[in-house]
Amino acid sequence: LAISEFPTIEAEPLGTFTLQRKTLKQESRIRRITDFEFDGVGRICILQTMANGVVCLLLVDQSGNVVEELCLEEGALHRRPYTCSNPAWVGADQFVFAVSKRGEGGTAQCWIADFADGTLKEIKGLKCPTIRSLAGFQDGHFVALTENRQKTILADGLYFFEKTGQCLWHIDDAHDSEMPE
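Residues numbered from 1 in each chain as written. Predicted model: local features only at pLDDT ≥ 70, side-chain atom pairs only at ≥ 80, totals over all residues. Heavy atoms only, no water.

Draft legend 1. Quick look at the pairing of strand 4 (residues 66-71). One ladder, built from five bridges, connects strand 3 (residues 55-60) with strand 4; its direction is antiparallel. The partner of cysteine 56 across the bridge, within strand 4, is cysteine 71. Here strand 3 folds back onto strand 4 in antiparallel fashion, the turn holding five residues, of which glycine 64 has a positive phi close to 90°. (Pairing = 2+ DSSP bridges. Helix = DSSP H or I, 4+ residues; strand = E, 2+ residues; numbered from the N terminus.)

Encoded structure:
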């Protein structure tokens, strides 16, 4: 059986289309991670130190979505060169973190990141040497592991603060320092 004629069908126009290049995915805001900490509901507070020296904190949900971003305004850090501690959860939507001057005679500034009201507040009047690490308590208290470098002495310390920044107690363990800076 051979078909001698093919049927002719008129096609209806379906419209036009344009070929495009695939767009590159937008760069993630989660980058330059210095440290992180979980809160009581499993969200992650990420501390970032950007190339220009700006310090930012991101609150990220368990799906990887950035819920909130808080950055210290330029000029807020008056301690250069500096080092940042980890963020520490201190209850509700708040984290504490420290920015410390490095080296001999270094001291720390601590900040409260409040993601509920979108603010970063410096804890005024804090008296503490360089902070290496922080641990927080749900009631707002926090503990700092410190390092106090002087000309010939290196003192490791543990400082316990109430949420206002008042030091309730501290322990220092001083020993001769022959370690390089």
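Draft legend 2. View of the environment of aspartate 35. Locating aspartate 35 in the fold gives a position in strand 1 (residues 33-38). Sequence separation of aspartate 35 and leucine 57 is 22 residues, and the distance between their C-alpha atoms is 9.7 Å. Setting aside anything within four residues of it in sequence, one finds aspartate 35 in contact with Cys45, Ile46, Leu47, Asn86 and Pro87. (Contact = heavy atoms within 4.5 Å.)

Draft legend 3. View of the state of the cysteines. Following the criterion strictly, the structure yields one disulfide and no others. Covalently, cysteine 56 is tied to cysteine 71 through a disulfide, its sulfur atoms 2.0 Å apart. Residues cysteine 56 and cysteine 71 share a disulfide whose torsion about the S-S bond is about 105°; that sign makes it right-handed. One end of the pair, cysteine 56, is in strand 3; the other, cysteine 71, is in strand 4, with 15 residues separating them in the sequence. Cysteine 56 gets classed as buried once you look at its relative accessible area, which sits at 4%. Left without a disulfide partner, cysteine 167 is nearest to the cysteine sulfur of cysteine 128, which lies 7.2 Å away. A residue is classified by how much of its surface remains accessible, and cysteine 167, at 28% relative accessible area, is partly exposed. (Disulfide = S-S within 2.5 Å. Buried < 20%, exposed > 50% of the residue type's maximum accessible area, 1.4 Å probe, protein only.)

Draft legend 4. How the structure looks around a nonpolar patch on the surface. Together, Leu145, Leu158, Leu168, Trp169 and Ile171 give the surface a local cluster of nonpolar side chains, amounting to about 430 Å² of exposed area. Secondary-structure assignment places tryptophan 169 in strand 13 (residues 167-176). (Patch = residues over 30% accessible without salt bridge, like charges linked within 9 Å, V, L, I, M, F, W, Y side chains within 5 Å. Areas by Shrake-Rupley, 256 points an atom, 1.4 Å probe, with all protein chains shown as cover. Salt bridge = Lys/Arg side-chain N within 4 Å of Asp/Glu carboxyl O.)

Draft legend 5. View of the pattern of salt bridges. The tally for this structure, following the rule as stated, stands at seven salt bridges. A salt bridge links aspartate 93 to arginine 43, with the nearest nitrogen and oxygen atoms 2.5 Å apart. Here aspartate 93 is found in the loop between strand 6 (88-89) and strand 7 (94-101), whereas its partner arginine 43 is found in the loop between strand 1 and strand 2 (44-49), with 50 residues between them in sequence. Given the relative accessible area of 25%, aspartate 93 is considered partly exposed. Taking the shortest distance from any N to any O, the salt bridge between glutamate 147 and arginine 132 comes out at 3.3 Å. Of this pair, glutamate 147 sits in strand 11 (residues 142-149) while arginine 132 sits in strand 10 (residues 130-136), placing them 15 residues apart in sequence. A residue is classified by how much of its surface remains accessible, and glutamate 147, at 19% relative accessible area, is buried. In this structure arginine 132 comes out as partly exposed when scored by relative accessible area, which is 39%. The network of salt bridges with shared partners includes Asp39, Arg43 and Asp93.

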